[in-house]
Amino acid sequence: MESINRRLAWFGAWALILSFVVAGCGRGGSKGSEARRTDDFPRPEEPGAFEGTGRYGGRIVYAEISDPKTFNGMIENEQSSREVLTPMVEGLTNLHPITQEVAPSLAKSWETTDGRTWIFHLRKGVRWSDGVPFTADDVMFSFEVLYDEEIHPSMADLLTVGGQKFDVKKIDEHTVQVTTPTPYAPFESFIGGVRLMPRHKLEEAYRNGTFESAYGVNTPPADLVYTGPFRLKEYRPGEKTVLERNPYYWRYDSEGQRLPYLDELIFVTVPDHNTRILQFESGDIDMIDDIPADGYELISNGAAKGDYTIYDLGPGLNTEFMWFNLRTDKNPQGQYYVPLYKQKWFNNANFRRALSYGIDGKSIINTILYGRGVEHWGTTATVANKKWHSPNVVKYPFDLDKAAKMLEAEGFIDRNGDGVREDPAGNRLELLVQTNSENNRRGQIGNLVQEDWTKIGVKTTFSAIAFNDLVRRNKETFDYECQLLGLGGGGLDPASGMNVWKSAGTTHYWWPEQKRPATAWEARVDSLMDAQIQELDYAKRKGLYDQVQYIISDMCPLLQCPVRTVSVAARNRIGNMKPVILEHRFFWNVDELYIKSPEEMAAK
Amino acid sequence: MRSYILRRFLHLIPILLGISLLSFFVIQLAPGNFLTLMKADPQVSKQKIAEMERKFGLDRPWPVQYGLWLKNIVLHFDFGYSFANKRPVGALIRERLANTLLLSLTAMVLAWGLALPLGIISAVRQYSWIDKLSSFFAFLGLSIPSVFFALLMILFAAKTGWFPIGGMESLDYDSLGFWGKVGDRLHHLALPALVLGTGPMAGHMRQMRGNLLDVLRMDYVTTARSKGLSESKVILRHAVRNAINPLITIFGYSLASLLSGAFLVEVVMAWPGLGRLTVDALFARDLYLVMGGVVMAATILIISNLIADIMLALADPRITYS
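Fair warning: this is a prediction, and the values are worked out from it, not measured in the lab. (Residues numbered from 1 in each chain as written. Chains lettered and ligands numbered in written order. Predicted model: local features only at pLDDT ≥ 70, side-chain atom pairs only at ≥ 80, totals over all residues.)

Colleague: Got a sec to walk through the interface of chain B and chain A? Specific residues and values, please.
Modeller: Contact with chain B, which involves 58 residues of that partner, is made by 59 residues of chain A. When residues of the side of chain B that touches chain A are traced back to their parent elements, those giving at least two are α2 (36–39), α3 (46–56), α5 (89–124), α7 (146–160), α8 (178–216), α10 (231–243), α11 (245–268) and α12 (274–283) of chain B. Along the lines of polarity and charge, the residues of the side of chain B that touches chain A split into 31 nonpolar, 14 polar and 13 charged. (Contact = placed C-beta atoms within 7 Å. Helix = DSSP H or I, 4+ residues; strand = E, 2+ residues; numbered from the N terminus. Nonpolar A, V, L, I, M, F, W, Y, C, P; charged D, E, K, R; others polar.)

Below, the structure written as structure tokens:
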């Protein structure tokens, strides 16, 4: 018996040890190094200026939800790629997220005389990250790619008016002229969205028709050339992307030091948000974006120990809303998309208003958002959109009695005492609300709304289905009654909502792609949107868009739910950290971030 | 034997054809395609979506798409293009396969390395404290959902600092020496392999115990003992050799199931593997990447079953193949 035991014990122990060998556990920390430094790389003739200062050395680690899919700034279209590209690519201008105004980037200045012709003066002496000079030829090349029919980046549609592209002309090595067919108000906001690509690296691929697969994730780092503060050092699929300082970067601080300060910027892929939170707490990663409502308390309690700060950025830019299927037409098989009697309900503005009063915003904020939200009505211009938000909208604070009275006034009365109202023709007031099952929060909101609406005699069924199914219903088959979805990202400029607010728009939720506006108020919104896109005077343009916000809130095609507030956290040892509500939260000023010295940390 | 192996490899072809056709068909049944998400984005124009549909071939009827896919594999060994990752499917799978195999094989070593000895001890010392303790942990291991266990381990790693919180290697991996690198890998493998291997380990241990108990009751065991053989020879050379028969068959499925179960562990513990790639592709309706993942998984399953059958023939002289 003993020899068996010994053998088996040895066998088992070997298996155990093999699996649990603990090697030296090094955890990378970031140490700063020398403070000042000058370098031998040529200084541009017209450098950009940063009014502050910092300290060289160190690295920052940031966790993304998934891998970047491409490093091609012209064709990327999802968040993980965008996050990694932000420190690398640049445009003529960029949006300063704190002032929310357009600021110079690779164009140091620009002007227009007639509102249609814009002259951009490029920054002299800027070089690509491989040292090759940046000139107007690169800008011409980038626009040629932008307007290419085959490649057709989404950005091109925002820089096209009535199907007409903008005319781009090279004036000289450092001057480019762009002419729009008609005055185009969002021009200044949108032009910076064109990422400038190096002609000397990509022209060949473009002529060969392989531009879209150029600058993919397996591009050798030395070949990935841009003008931004960082350049690619290494990419490991599924694991991490490492960026290093671009020694040719064109910005200098107030003490004449070239930016950026950091040696490295590392993006690790951590798909699970629980793991991200734990990694943040233990110091593996240096910041955490959009702290989930249920993790907020845990993270704020650990702030002192983990040596980080929580930044409450206020209400975000994402809206969540419900809407009814307002189609009154028939499908190709000759049947109404929405049964005739239900059309009468949904298309009755007072019906929609009444049900909007039935959405308990305060409870949603307190119980579902853990107190982290604000009520919102109108369009997608939340209060975070400083330039365009209008407070003059019709509001619908929760009031079940008012909702009930409004329904009564429209003839929706419970005539037979079964708890469910009937319309004047005797049809029971029943409806189906759907949202996407992947989103937990929407499920909770749907349940709450279902309860409240049922209380006032509107028998509501709520179901969560797959997102793709939801989109198919509201974009292709239109067999739905009421959906709960949200809109996020996009831009601040009202022009980014053209497809939503115009009746012919593809994302005009309640009835997309109308041939002619179905209602007078939709026609009015159409003409307002058409007018604002040509109105270059900000005050006048705002007046037009304010009216759109008012009409949308008044006619209530969208029943708005509260907007979430956003909080983030970042390690205290990172200097010049100024998180903002807009993208990119932490890295909009990545070239200014630095690691504080122990002396600076102790001095606080 | 050789012709048998050859025939088994030939079986791969109709099986893979059947699996791929069925998978392709089932994917088409679900509403929407890769571009559905983009349709909901107000900033993507209708033409752009139509162009992309044409480019990706998504506007053709599905049998045509399937035929083209098959043709590309047979003629050019080209598994197609991943819409989401904008790269060929073959390259993507190749990159992640190694990571997943590393994790799965380590989990298998852990599972089997513990299951067999513990199972044998439990059977030989039935009802002893070892047996009771192993059974307890076996039931625990079988009942605990792997996601929960993974999260628990991540929490454990965070609180104690003894193990890394997910990930496959540390940020400074490249600057380590050879043994440093080996150690780093093992350090990162420990918890994921534990989570992945616990369920199978528990199951196999109970199986081994049960089989061995049955065999130990047989007459020939008593005969062997009365012949004067040492106890260890009786148990290991005779009893276990017979008891292990069903476990070898299970071994074939074990690897394949580890590959699929790895998805949850890969997500929670940030392990860059094939499971995560395939499931992400599934949610994004990245058609050709899903197909590539399915074909790969099917191939591994069939090959590991073949290996198991060969091992069985080697272990049990009664079994011959022709």
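Colleague: Any chance you could break down helix α9 (residues 219–226) of chain B for me, citing the residues and the numbers?
Modeller: Buried residues are scarce in α9 of chain B, accounting for 0 of its 8 residues. Among the residues trailing α9 of chain B, Gly 228 of chain B stands out with phi positive, at a value near 100 degrees. (Buried ≥ 20, exposed ≤ 12 C-beta atoms within 10 Å, placed from the backbone.)

Colleague: I'd like a rundown of the sheet that holds strand β19 (residues 430–436) of chain A, residues and numbers included.
Modeller: Residue and element names in this part refer to chain A. The 5 strands lie next to each other as β20-β19-β21-β17-β22, forming an open sheet whose pairing is mixed. The strands lining the two open edges of the sheet, one partner per strand, are β20 (459–465) and β22 (558–561). Along the sheet, successive strands turn relative to each other by an average axial angle of 25 degrees, direction set aside. By the bridge criterion, 3 bridges tie β19 to strand β21 (residues 482–487) in an arrangement that is parallel. Residue pairing for β21: Gln 434 is matched across the bridge by Gln 483. Contacts between helix α15 (residues 467–477) and the sheet are confined to β19, β20 and β21, with β19 contributing the most and set at about 125 degrees to the helix. (Pairing = 2+ DSSP bridges. Axes fitted to C-alpha atoms, helices over the stretch in contact; angles between N-to-C directions.)

Colleague: Tell me about the domain arrangement of chain B, and please be specific about residues and values.
Modeller: Residues and elements named next belong to chain B. Taken domain by domain, chain B holds domain 1 (13–78) and domain 2 (93–315). Put simply, the middle of domain 1 and the middle of domain 2, counted by C-alpha atoms, are 35 Å apart. Contacts between the two partners involve 12 residues from domain 1, matched on the other side by 12 residues from domain 2. Of all the elements, helix α1 (residues 2–29) adds the most residues to the side of domain 1 that touches domain 2, at 7 residues. Residue composition of the side of domain 1 that touches domain 2, by class: 7 nonpolar, 5 polar and no charged. (Domains from an automatic or database assignment.)

Colleague: Go over the domain arrangement of chain A with me, naming the residues and quoting the values.
Modeller: All names here are of chain A. By the assigned domains, chain A splits into domain 1 (1–15 + 47–70 + 230–307 + 572–604), domain 2 (93–202) and domain 3 (319–490 + 556–563). Taken over C-alpha atoms, the centre of domain 1 sits 41 Å from the centre of domain 3. Between domain 1 and domain 3, the residue contacts involve 4 residues of the former and 4 residues of the latter. In the side of domain 1 that touches domain 3, the residues fall into 3 nonpolar, no polar and 1 charged.

Colleague: How would you summarise the environment of Tyr 226 of chain A if you had to cite specific residues and measurements?
Modeller: All names here are of chain A. As for its placement among the helices and strands, Tyr 226 is situated in the loop between α6 (199–208) and β11 (230–236). The sequence separation of Tyr 226 and Met 197 amounts to 29 residues, and the corresponding C-alpha distance is 6.8 Å. Look past the residues within four positions of Tyr 226 in its chain and what remains in contact with it is Met 88, Val 89, Trp 128, Ser 129 and Arg 231.

Colleague: Let's hear about the sheet that holds strand β9 (residues 167–172) of chain A: which residues, and what values?
Modeller: Residues and elements named next belong to chain A. Sheet architecture is open: 4 strands sit in the order β5-β6-β10-β9, paired in antiparallel fashion. Since the sheet does not close on itself, it has two edges, and those belong to β5 (107–112) and β9, each with one partner. Strand-to-strand, the axes of this sheet are offset by a mean angle of 20 degrees, without reference to chain direction. Across 5 bridges, β9 lies against strand β10 (residues 175–179) in antiparallel orientation. Paired with Val 168 across the two strands is Val 178, which belongs to β10. Strands in contact with helix α3 (residues 136–146) are β6 (117–122), β9 and β10; relative to β9, the strand with the most contacts, it is inclined by about 170 degrees.

Colleague: Give a detailed account of helix α13 (residues 287–315) of chain B, specifying residues and quantitative values.
Modeller: Residue and element names in this part refer to chain B. A rise of 1.5 Å per residue sets the reference length of α13, with its 29 residues, at 42 Å; its end C-alpha atoms lie 42 Å apart and thus fit the reference within 8%. Among all positions in α13, only Leu 287, Tyr 288, Leu 289, Val 290, Met 291, Gly 292, Gly 293, Val 294 and Met 296 are buried. As for α13, its buried residues are in contact with α1, α4 (62–76), β1 (81–82), α5 and α12. (Expected span 1.5 Å × (residues − 1).)

Colleague: Can you tell me about the packing of α5 of chain B against α13 of chain B, naming the residues and giving the values?
Modeller: Residue and element names in this part refer to chain B. Viewed as axis vectors pointing N to C, α5 and α13 meet at an angle of 50 degrees, and their least axial separation amounts to 10 Å. One element, α5, and the other, α13, form an angle in the oblique class. Two packed elements cross with a definite hand, and for α5 against α13 that hand is right-handed. Mapping the contact onto sequence places Val 89, Leu 92, Ile 93 and Leu 97 in α5 and Tyr 288, Leu 289, Gly 292, Gly 293 and Met 296 in α13. Of the residues belonging to the contact of α5 with α13, the class tally is 7 nonpolar, 2 polar and no charged. (Parallel < 35°, antiparallel > 145°, perpendicular 65-115°, else oblique. Left-handed = near helix turned anticlockwise from the far one by under 90°.)

Colleague: Just give me the short version of the packing of helix α17 (residues 520–532) of chain A against helix α18 (residues 538–555) of chain A, but keep the residues and values in it.
Modeller: All names here are of chain A. It is at 9 Å that the axes of α17 and α18 come closest, and there the two elements cross at 160 degrees. In terms of orientation, α17 lies roughly antiparallel with respect to α18. α17 and α18 meet at a crossing whose hand is left-handed. Taken together, the residues of α18 that come into contact with α17 (itself represented by Trp 521, Arg 524, Val 525, Leu 528, Met 529, Ala 531 and Gln 532) are Arg 541, Leu 544, Tyr 545, Gln 547, Val 548, Ile 551 and Met 555. Considering only residue class, the contact of α17 with α18 consists of 10 nonpolar, 2 polar and 2 charged.

Colleague: Residues and numbers for the pairing of strand β17 (residues 319–324) of chain A, please.
Modeller: Residue and element names in this part refer to chain A. Counting buried residues along β17, 6 of its 6 residues qualify, which places the element largely inside the surrounding structure. Judged from the 6 bridges that link them, β17 and β21 form a sheet pairing that is antiparallel. Bridged to Glu 320 within β21 is Gly 486. Examined bridge by bridge, β17 and β22 share 4 bridges and lie antiparallel to one another. Residue pairing across strands places Phe 321 opposite Gln 560, the latter belonging to β22.

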